[in-house]
Amino acid sequence: MCRNITVLRGLEPPATAEEVEAAARQYVRKVSGVQSLSDATREPFEAAVAEIAAITARLLDELPTRRKPPTTVPPLRRPEVRARLGAE
């Protein structure tokens with residue numbers, strides 16, 4: 001299990017497309033071992049991220065509502081992280 005992937009189900013407000021894509025990107029990086037993209041890896045890597053993100057979004061939409069909210073806060077929802085990303 002990739003320990004950096006945050007639980008997205010049950011968040012209020014719901015997980016954003018950005019958070020779903022970030023989780024998909026972390027997953028694809030972990031299973032592929034690709035950390036930096038080259039011309040040879042970019043297309044298959046990005047295609048995999050898009051597919052995993054779509055599947056994840058569909059899964060989150062189809063699962064029943066959680067009884068308890070997740071205990072973790074997605075890193076992208078933290079104001080200090082969003083501010084840092086906006087400055088880049």
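Remember, it's a predicted structure, so these values are computed and weren't measured experimentally. (Residues numbered from 1 in each chain as written. Predicted model: local features only at pLDDT ≥ 70, side-chain atom pairs only at ≥ 80, totals over all residues. Heavy atoms only, no water.)

Notes on helix α2 (residues 39-62)
Working step 1: An ideal rise of 1.5 Å per residue puts 34 Å on 24 residues; α2 measures up with 36 Å between its terminal C-alpha atoms.
Working step 2: For α2, the set of buried residues is F45, V49 and A53.
Working step 3: Buried residues along α2 sit in contact with α1 (17-32). (Helix = DSSP H or I, 4+ residues; strand = E, 2+ residues; numbered from the N terminus. Expected span 1.5 Å × (residues − 1). Buried < 20%, exposed > 50% of the residue type's maximum accessible area, 1.4 Å probe, protein only. Contact = heavy atoms within 4.5 Å.)

A look at the nonpolar core
Working step 1: Core analysis: the largest hydrophobic core is formed by ten residues, namely L8, L11, V20, A23, A24, V28, V34, F45, V49 and A53.
Working step 2: Where this core is concerned, the elements lending two or more residues are α1 and α2.
Working step 3: The leading source of residues in this core is α1, at four residues.
Working step 4: Aside from chain neighbours lying at most four places away, what touches F45 is R25, V28, R29, S32, V34 and L37. (Core = buried A, V, L, I, M, F, W, Y, C linked by side-chain atoms within 4.5 Å.)

Concerning α1
Since one α-helical turn is 3.6 residues long, residues separated by three or four positions face the same way.
Working step 1: For α1, which comprises 16 residues, the first-to-last C-alpha distance of 22 Å matches the rise-based estimate of 22 Å (1.5 Å per residue) to within 8%.
Working step 2: Those residues of α1 lying buried are E19, V20, A23, A24, R25 and V28.
Working step 3: The positive-phi residue at the C-terminal boundary of α1 is G33, with phi of around 80°.

In short, shape yes, function no, at least from these values alone.
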